[in-house]
Each structure stands twice: as C-alpha cells, then as structure tokens.
Amino acid sequence: MKPGAFGYRRAESAEDAVRLFLEVGEGAQYLAGGQSLMATLNFRVSEAGTLIDLTRIESLKGIEQRGNAIHIGALTTHASVARSSLVRKRLPLIAEAYVHVAHPAIRNRGTIGGSIALGDPASEMPACMLALDAVIHANGPAGKRSIPIDDFYLGLYETALEEGELLTGIEIPLPAEGARHGFEEIARRHGDYAMAGLAVMTTGRRARMAYFAISDRALRSTAAEDAFVSGASPAECAEVATREMYVFGDLNASENMKRHLAGVLMRRVLLSLDGGASA
Amino acid sequence: MTETMPIRLKVNGEAVSALVEPRQHLADFLRLHLQLTGTHVGCEHGVCGACTVRMNGDIVRGCLTLAVQADGAEIETIEGLSESGEIADIQAAFHRRNALQCGFCTPGMLVTTSELLACIDRVPTREEVRSYLSGNYCRCTGYQAIVDAIVEVAVARRSGSDT
Ligand SMILES: Cc1cc2nc3c(=O)[nH]c(=O)nc-3n(C[C@H](O)[C@H](O)[C@H](O)COP(=O)(O)OP(=O)(O)OC[C@H]3O[C@@H](n4cnc5c(N)ncnc54)[C@H](O)[C@@H]3O)c2cc1C
Ligand code: FES
Ligand code: FES
C-alpha cells in the first residue's frame, strides 16, 4: 500500500530539528532510518502531517570513547554500530545482539537511536541499553537533558521522551575489567523480531538482566538479579524470573509461553556465563 | 493540491532530476518516473526484499526509503548492475542452477548477493548465505538452488583471485 500525503523537511542539526518540529506543530514527526516508520505509513497504520528527516544530521552520527564511556550518536546506523571495532572490543554484548537485528538492507538504514526511541518491546537494543546501564541524551523544546535508562521505558511504545524531544545519543559506561555478558534470543526465523530474549551483564556478583519480547517493553528482572547476587544457581535464578516476571503476551507467543521462555533464557544465559572465561 | 519537491540524483551513473511527491518511495520513483521496472515492489513494508537497490554503495529497501531522501545520492538498480557486468557471474550461476522460477524475487536476490560477496573475504558457509538472504523472500525455489548458486560463485571468485 501507499502512504497518505505528507510534507517533508530536512533538519541540519539537532537544534534545527527541534525548531522545525515546533514550527510545523500539529502532525510533525521525526524520520530517522524509516525502517519502522515508513512501514507503518505505507500500511496506513500511522499517518504524518510532515516528516522531519534527521538522516542528514552528521553531528548525530558516530561512535567514540570519551573518558570512561562510549558515546553513540542517535543517527548512527545499525550496520555502522555492529561493524565498529570499538563496539566489538569494548561492548561485545551489543555486537552479539546485532547479529539478531533485522536483515542487512534494513541494518544499512535503520538507526540505533530510532530503535531505542521507538521502544518496540521485541527490539534487542532497548534491552541491551538496560543491561549496560546506558544514559539517554535528549534535546527538546524544553532544552537538553540526560535520562537514565532505568527511567526511560514506561510502557508499550511509551518512553520518557516528551512531545518534540529528540533522542540525540546514548552514553554507555565502559564495562569494568572482568565484566561478562550473555545474550540469547528465540525467534522463528533469523532476523525476525524475537519471540523472547534476554541480555545480561555481570561484574563480580553484580548483575543487570534485561528481557525483551517478554513484557510490554524491555524490562529488567530485578528479582533474578537479586537472586544471582545472593549466590543462587542458574536454575534457581530461572525459577525466580519465571515466577516474578511481568509478562505480556503478543501475536508470537502467549503469556504462558513467554513466562516459560523467560526461565529457559535465564538458565541458558547464566550457564553460558559460567562456561565462559571467569572474571 | 499535492506538494512536490525537486531532487537530483545519479541512477546507474546517469544524472537525473525530477519533481516528486514526498510520499513517493524510491522503488516507485525508479519504476514510474524512470521506467526501471527491474526493481520489484512486493509487500511495501520491508519484509520481502524484492525492492532492494543500492544507495551510495549500500543495499537498502526501496520501499522504506523516500525518493526525496535519495536527493544527492547515487542509486544502482538491477539494470545498472546487469549492464556493467558486475554481477554477470552471479546471474549465470542463478540461471545454471535454476535459482529462479517466476523471477519476482530475483533482482532483490542478486543485489543482496552482490553485497554479501563483496563484504566477506572468504567463501561463506551455506548458513551465512541463508542468514544474509534472510530478508529476501522467494515463494518458488525453496532457496536451496539459490544458496547453491551463490556458493558456486563465491568458490569461483576465490579460485579466480588466487591464481
Ligand atoms: C522486516 C523488518 C524486520 C525488522 N527486525 C527487527 C529486529 O529483529 N529487531 C529490531 O530491533 N528491529 C527490527 N526492525 C526495525 C528496525 O530496527 C528499525 O530500524 C528501528 O526499529 C527503527 O529505527 P529507524 O531509525 O528506522 O527509525 P524510524 O522508523 O525512522 O522511526 C521510528 C520511530 O521513532 C521515532 N524516532 C526515530 N529516531 C528518533 C530520535 N532520534 N529521537 C526521537 N524520536 C525518534 C520516529 O519519529 C518514529 O516514531 C525491523 C524492521 C523491518 C522492516
Ligand atoms: S517491497 Fe520492499 S521489502 Fe517488500
Ligand atoms: S523465483 Fe518466484 S519468488 Fe523467487
């Protein structure tokens, strides 16, 4: 199907994008890679008055280390993040997760910022950001601010971003020496959205464990984290996650199935950590 | 009244300028304005891969990219890749191995394959080929013959470059 008519403006910088958003007013919508937005516009499950194209904002592209953190610009494509040697070396969780994100032609245009801002509950990057304790940088009508990832996802496709607020980048603290990561995803076909998935980072006995495609949004299992910290076995952590997790069924799998998969994933990921090189 | 915007781009090496509606996607622009109908339109929501073209050297979905976004870009379509001979060996192998039946998916398959073989510096495993093509649907062949053809080309290109 074809989308309804809309206007088109091209932003040159983050400030310019916010200015255009306010100028357009009603019906303004940011367009990043378009790999989710264009699909819904073509299908007419969403409509836009005017798209504000972010893809030419060079200052929001790129990956660099600043002090003890890695900064990734919101408009950096999935493909560039997945290929980055800095990411592969220092943030292997992200590199590993990217193997599961969509298909090559979609990764060439889709952006990490778009994926995080959209907050599809079945997306890999939101859960990775939770596991890595990232900070979201935003710029909007009310100015610039930083949002800890734990405060970012509020519900189904609902984030802390205000109307017109642009996600400009993410800041990921470098994992400590000896930190370990684990990632597992169950999907029907390679590159399809997940039926269930889990991203985990541990340092010593500290842990952040974030599910995707289990709830209405990417969500940590703090109950399983606490169990892990107090020395529970992978099987025990799996049991806690299965019991305590807030589960939300979708077209891919019922609530019961997701609850079951939450446990399966937890056991698999924690066993893979134990089998890996120790800290 | 629908608003149109001027765009200038290069398509298969030739300069093109046109007035387009913002809502027109790149695949429709190529087919309707330029009569380059080798780029196919299947699902129009990013799933089937029939609309795959190259934009500034990278493969993209023609149906999820707006024509206005291609302003200033270099686009290569199956017509361009065929004429330049760049993918002649892949086309011959598809033909030889019966890697197409109705041919609807074939332009997208060929464009995607050209990127796969360009970005890997060894012969890909069958699993890697399937994973790279996971975003391209074929309703006819069952994929086996497509994978056969691609592995055959990869092997031939390696042995060619080793001598
Ligand atoms: C067939 C197919 C399979 C896919 N499979 C997967 C998968 O397995 N895993 C996965 O994670 N994704 C998948 N995707 C989605 C893909 O990763 C998208 O690229 C991504 O979700 C959205 O990023 P985008 O840059 O394309 O954003 P867009 O589609 O341009 O935008 C999405 C939404 O976010 C808003 N937005 C975008 N950028 C910003 C910003 N910087 N600030 C504020 N708001 C913003 C837009 O206004 C829009 O509402 C798939 C897509 C397709 C078509
Ligand atoms: S027509 Fe573009 S992916 Fe199907
Ligand atoms: S040959 Fe018919 S869809 Fe592939």
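Residues numbered from 1 in each chain as written. Chains lettered and ligands numbered in written order. Predicted model: local features only at pLDDT ≥ 70, side-chain atom pairs only at ≥ 80, totals over all residues. Heavy atoms only, no water.

Trainee: Describe the sheet that holds strand 11 (residues 180-186) of chain A, naming the residues involved and giving the relevant values.
Mentor: All names here are of chain A. In spatial order, the strands read 11-12-13-14; together these four strands make up an open sheet with antiparallel pairing. Of all strands in the sheet, those with a lone pairing partner are strand 11 and strand 14 (219-220), marking the two edges. Looking at chain direction, strand 13 (residues 206-212) and strand 14 are connected through two bridges and run antiparallel. For alanine 210, the partnering residue across the bridge sits in strand 14 and is arginine 220. Sitting on the sheet, helix 9 (residues 222-229) is in contact with strand 12 (196-203), strand 13 and strand 14, with an inclination near 150 degrees to strand 13. (Pairing = 2+ DSSP bridges. Helix = DSSP H or I, 4+ residues; strand = E, 2+ residues; numbered from the N terminus. Contact = heavy atoms within 4.5 Å. Axes fitted to C-alpha atoms, helices over the stretch in contact; angles between N-to-C directions.)

Trainee: Can you tell me about the site of ligand 1, naming the residues and giving the values?
Mentor: Among the 33 residues in the neighbourhood of ligand 1, the closest are listed as Tyr30(A), Gly34(A), Leu37(A), Thr111(A) and Ser123(A). Site remark: ligand 1 is flanked by residues from chains A and B. Take Gly33(A): an N or O atom from its main chain is 2.8 Å from an oxygen atom of ligand 1. The separation between an oxygen atom of ligand 1 and a polar side-chain atom of Ser123(A) is 2.6 Å. Looking at the shell around ligand 1, the elements with two or more residues in it are strand 2 (28-31), helix 7 (112-118) and strand 10 (166-173) of chain A. At four residues, the largest contribution of residues to the shell around ligand 1 is made by helix 7 of chain A. For the shell around ligand 1, the residue count by class is 15 nonpolar, 15 polar and three charged. (Near = heavy atom within 4 Å. Polar contact = N/O pair within 3.5 Å; in protein donor to acceptor, adjacent residues only side chain to side chain. Nonpolar A, V, L, I, M, F, W, Y, C, P; charged D, E, K, R; others polar.)

Trainee: Please give an account of the domain arrangement of chain A that cites residues and values.
Mentor: Under the domain assignment used here, chain A contains domain 1 (7-53), domain 2 (58-173) and domain 3 (181-275). Centre-to-centre separation of domain 1 of chain A and domain 3 of chain A, based on C-alpha positions: 35 Å. (Domains from an automatic or database assignment.)

Trainee: Give a description of the packing of helix 3 (residues 88-96) of chain B against helix 4 (residues 106-119) of chain B that names residues and reports values.
Mentor: Residue and element names in this part refer to chain B. It is at 10 Å that the axes of helix 3 and helix 4 come closest, and there the two elements cross at 125 degrees. Between helix 3 and helix 4, the angle is such that the two are oblique. Handedness of the helix 3/helix 4 crossing: right-handed. In contact with Ile90, Gln91 and Phe94 of helix 3, helix 4 contributes Thr106, Met109, Leu110, Thr113, Ser114 and Leu117. Residue classes in the contact of helix 3 with helix 4 are distributed as five nonpolar, four polar and no charged. (Parallel < 35°, antiparallel > 145°, perpendicular 65-115°, else oblique. Left-handed = near helix turned anticlockwise from the far one by under 90°.)

Trainee: With reference to specific residues and values, describe the interface of chain B and chain A.
Mentor: Across the contact, 29 residues belong to chain B and 31 residues belong to chain A. With both chains or domains summed, chain B and chain A bury close to 2500 Å², and 52% of this area falls on carbon and sulfur atoms. Across the contact surface, chain B and chain A share three salt bridges. Among the salt bridges present, the one from Lys2(A) reaches Glu44(B), with a minimum N-O distance of 2.7 Å. Inspection of the chain B/chain A interface yields 17 residue pairs in polar contact (both at pLDDT 80 or more). Elements supplying a minimum of two residues to the side of chain B that touches chain A: strand 4 (58-61) and helix 5 (126-132) of chain B. With four residues, strand 4 of chain B is the single largest residue contributor to the side of chain B that touches chain A. In the side of chain B that touches chain A, the residues fall into 12 nonpolar, nine polar and eight charged. (Buried area = accessible area lost by both parts, 1.4 Å probe. Salt bridge = Lys/Arg side-chain N within 4 Å of Asp/Glu carboxyl O.)

Trainee: Please give an account of the side chain of Asn42(A) that cites residues and values.
Mentor: Tracing the backbone shows Asn42(A) in helix 2 (residues 37-42). Discounting residues that sit within four places of it in the chain, Asn42(A) has contacts with Met1(A), Lys2(A), Pro3(A), His25(B), Glu44(B), Cys63(B) and Leu64(B).

Trainee: Could you give an account of a nonpolar patch on the surface, naming the residues involved and the relevant values?
Mentor: Residues and elements named next belong to chain A. There is a patch of nonpolar side chains on the surface, built from Leu118, Leu156, Tyr157, Tyr246 and Phe248 and spanning about 440 Å² of accessible area. Checked against the element boundaries, tyrosine 157 lands in the loop between strand 8 (153-155) and strand 9 (158-159). Here tyrosine 157 falls in the partly exposed class, since its relative accessible area comes to 43%. (Patch = residues over 30% accessible without salt bridge, like charges linked within 9 Å, V, L, I, M, F, W, Y side chains within 5 Å. Areas by Shrake-Rupley, 256 points an atom, 1.4 Å probe, with all protein chains shown as cover. Buried < 20%, exposed > 50% of the residue type's maximum accessible area, 1.4 Å probe, protein only.)

Trainee: Give a description of the environment of Glu152(B) that names residues and reports values.
Mentor: Mapped onto the elements, Glu152(B) comes out in helix 6 (residues 144-162). As a C-alpha pair, Glu152(B) and Leu110(B) span 42 residues in sequence and 14 Å in three-dimensional space.

Trainee: Hey, could you go over the pattern of salt bridges for me, with residue numbers and the actual values?
Mentor: Counted under the stated rule, the structure contains 27 salt bridges over all chains. For Lys2(A), the salt bridge goes to Asp28(B), with nearest N and O atoms at 2.6 Å. Of this pair, Lys2(A) sits in the segment before strand 1 (7-10) while Asp28(B) sits in helix 1 (residues 26-33), each in a different chain. Asp28(B) gets classed as buried once you look at its relative accessible area, which sits at 9%. Between Glu244(A) and Arg243(A) there is a salt bridge; the shortest N-O distance is 3.5 Å. The class for Glu244(A) is partly exposed, based on a relative accessible area of 47%. With a relative accessible area of 52%, Arg243(A) lands in the exposed category.

Trainee: Describe the domain arrangement of chain B, and please don't skip the residues or the numbers.
Mentor: All names here are of chain B. What the domain assignment lists for chain B is domain 1 (5-81) and domain 2 (86-158). Domain 1 and domain 2 are separated by 22 Å when their C-alpha centres are compared. Contact residues are listed per partner, giving 18 residues for domain 1 and 14 residues for domain 2. In total, domain 1 and domain 2 occlude about 1400 Å² of area from one another, counting both sides; carbon and sulfur atoms represent 58% of this. By the criterion of area lost to domain 2, the three top residues of domain 1 are Ile59, Ile78 and Leu81, representing 40% of everything that side buries.

Trainee: Got a sec to walk through the pairing of strand 7 (residues 143-148) of chain A? Specific residues and values, please.
Mentor: Residue and element names in this part refer to chain A. Where strand 6 (residues 135-140) meets strand 7, six bridges bridge the pair, whose relative direction is antiparallel. Opposite histidine 137, over in strand 7, you have serine 146 as the bridge partner. Counting the residues in the hairpin turn of strand 6 and strand 7 gives two residues.

Trainee: Explain unusual backbone geometry to me, using residue names and the numbers behind them.
Mentor: The bulk of non-glycine residues show a negative phi, and the bulk of peptide bonds are trans. Residues and elements named next belong to chain A. In this model, tyrosine 157 sits at a positive phi of 50 degrees, which is unusual for a non-glycine residue. The backbone of alanine 213 sits at a positive phi, close to 60 degrees, despite the residue not being glycine. Summarising the element assignment, alanine 213 is placed in the loop between strand 13 and strand 14. Classification of alanine 213 by relative accessible area gives buried; the value is 2%.

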